[in-house]
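The primary structure of each chain is shown beneath.
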Amino acid sequence: MGTTLAWGRQYVMVRPDHFRVEYRINPFMDLADQPDPVRAREQWEDLVEAIRSLGGDVDALGQREDAPDMVYAMNLGLGIVRPDGRRHVVMSHMRHPQRRMETSTAQPWFAGHGSTTSYVGREGVGAHFEAGDAFAFGDALVVGYGPRTEELALKHLAVDLGVRVRGLRITHPGMYHLDLAFCPLDETRALVCPAAFDDESAEALMALVPEPIVLTEEEALTTFAANSIVIGRTVVMPACPDRVRAELEAAGFEIRIVDVSEFHKGGGSIRCLTNPVDVRLGRDLPRVEGGAVVVPPMGLPLAG
Ligand code: ARG
C-alpha cells in the first residue's frame, strides 16, 4: 500500500448561491440545460457532509452574484503550506474574462483567513493560471497547460514557490483542466487519463506516476471519475466505473460516491468544487532526471 497523501484534509468551497450556466467556456456547458438550484444546493451539502464525515475540514465562502462559475472553488487559487507552517495562495488568473472577477473576491477572503497571496498575472495582464491545473505529486508541482493555464505561468510558479514544476501539455478540449484527467491518490498512485495530453506529456505523466490507474477517454468524460478527491484511504467520487473500482479496492482504497450531477452541467465535479489548502511543497525534493518538461527548482524561499 502506498503512503497516504499528506494533504487533502482541509478544503475551501463556495456556496452555490448563484450557480447557473450563463456562457459556454467548455464543451459541457449548454445554456438550454440549467442546473436546478435546490438540487444543486442539496448535492453541495451532501459533499460537505461526506468530507466532514471522513475527518476533513470545509471552510466556505459565499458566491458572487455576477460569478456563476465561482462554485468551482478549485480554480480560485493554489493553496500551499510553507515549511514554517505559514499559508500562501497563488491566485488564479482566469483565461476567460467571465471568471476573472472571482479572484478579486477570493484574494481578500484568503488574506482574511491567514494566507499571504501572490499572482502570476492579474486582470488580463500576464500569464493565465487556473489552479485546477496544478497538483503536488512526487518531487514536483505538476501543472497542465494549454486550454487554460499558459506555459509561461509554469516558470513563474517554479521561481515564486521555489519548487520543481513539471509541465504537461493538455490537448483535449473536454479535459481543459488537469483535474479532469489526473488525481493523485497516494504517494505512488494516481488516476490518470493519458488521452487528455499530447503524446510526450502522456508518456511523461505515465512515467511520473509509479502505479497509475488509467482511465479511458470515455470514462473520464462521461463519469468525471478523475475529478475526485482523496481523504486518507477514501476516494470521494462522482461515479466509478467497475474496472476502476476493482483497481482502487485492490490498492486498498474505499470508494464513497457523492452525486454532484447538477454541477456537471457547468463542466465540473467533486474536485472542481473543493480546493485543498493543506498542500505542502518543496520538502526533500529529490533530483529527477529526464521525462517531463522540467523547470529546474530555484530553491528560493517564498516571497511575502
Ligand atoms: N465552468 C467552469 C469553467 O469552465 C468549470 C470549472 C471546472 N473546474 C475545474 N477545476 N476543472 O471554468
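Going by the structure above, here's the rest.
Residues numbered from 1 in each chain as written. Predicted model: local features only at pLDDT ≥ 70, side-chain atom pairs only at ≥ 80, totals over all residues. Heavy atoms only, no water.

Digging into a negative patch on the surface
And step 1. A cluster of acidic side chains, namely Asp36, Glu42, Asp46 and Glu49, defines a negative patch on the protein surface.
And step 2. Topologically, Asp36 is positioned in the loop between strand E1 (10–14) and helix H1 (37–53).
And step 3. Classification of Asp36 as partly exposed rests on a relative accessible area of 34%. (Patch = residues over 30% accessible without salt bridge, like charges linked within 9 Å, V, L, I, M, F, W, Y side chains within 5 Å. Areas by Shrake-Rupley, 256 points an atom, 1.4 Å probe, with all protein chains shown as cover. Salt bridge = Lys/Arg side-chain N within 4 Å of Asp/Glu carboxyl O. Lys, Arg positive; Asp, Glu negative; His and termini not counted. Charge placed at Lys NZ, Arg CZ, Asp CG, Glu CD. Helix = DSSP H or I, 4+ residues; strand = E, 2+ residues; numbered from the N terminus. Buried < 20%, exposed > 50% of the residue type's maximum accessible area, 1.4 Å probe, protein only.)

Description of unusual backbone geometry
And step 1. Within the chain, Glu123 stands out as a residue other than glycine whose phi angle is a positive 50°.
And step 2. Its place among the elements puts Glu123 in the loop between strand E6 (121–122) and strand E7 (125–126).
And step 3. Judged by relative accessible area, Glu123 falls into the exposed class, the value being 67%.
And step 4. For Phe224, which is not glycine, the phi dihedral falls at a positive 55°.
And step 5. In this structure, Phe224 sits in the loop between helix H5 (217–223) and strand E14 (229–231).

Describing the side chain of Asn26
And step 1. Relative to the elements of secondary structure, Asn26 occurs in the loop between E1 and H1.
And step 2. Residue Asn26 is classed as buried on the basis of its relative accessible area, which comes to 6%.
And step 3. Reaching out from Asn26, the side chain makes a polar contact with the backbone nitrogen of Phe28 at a distance of 2.8 Å.
And step 4. Of the polar contacts made by the side chain of Asn26, one reaches the backbone oxygen of Gly266; its length is 3.0 Å.
And step 5. Discounting residues that sit within four places of it in the chain, Asn26 has contacts with Arg148, Tyr176, Gly266 and Gly267. (Polar contact = N/O pair within 3.5 Å; in protein donor to acceptor, adjacent residues only side chain to side chain. Contact = heavy atoms within 4.5 Å.)

As for empty space enclosed by the protein
And step 1. The final tally for this structure, using the stated rule, is 2 cavities of 30 Å³ or more.
And step 2. In this model, the largest cavity occupies a volume close to 80 Å³.
And step 3. Lining the largest cavity are 13 residues, with Asn26, Tyr72, Arg99, Tyr176 and Gly266 sitting closest to its centre.
And step 4. In terms of residue class, the lining of the largest cavity is made up of 4 nonpolar, 6 polar and 3 charged.
And step 5. Quantified by volume, the second largest cavity comes out at close to 70 Å³.
And step 6. What lines the second largest cavity is simply Trp7, Met74, Gly77, Leu78, Gly79, Ala131, Ala134, Phe135, Ala136, Asn275, Pro276 and Val279.
And step 7. For the lining of the second largest cavity, the secondary structure elements donating two or more residues are strand E3 (77–81), strand E8 (134–137) and strand E17 (275–276). (1 Å grid on protein atoms, 1.4 Å probe; cavity = no way out; pocket = protein on both sides within 12 Å on 5 of 7 lines; lining within 4 Å. Points joined across faces, edges and corners; volume = space filled by probe spheres on them. Nonpolar A, V, L, I, M, F, W, Y, C, P; charged D, E, K, R; others polar.)

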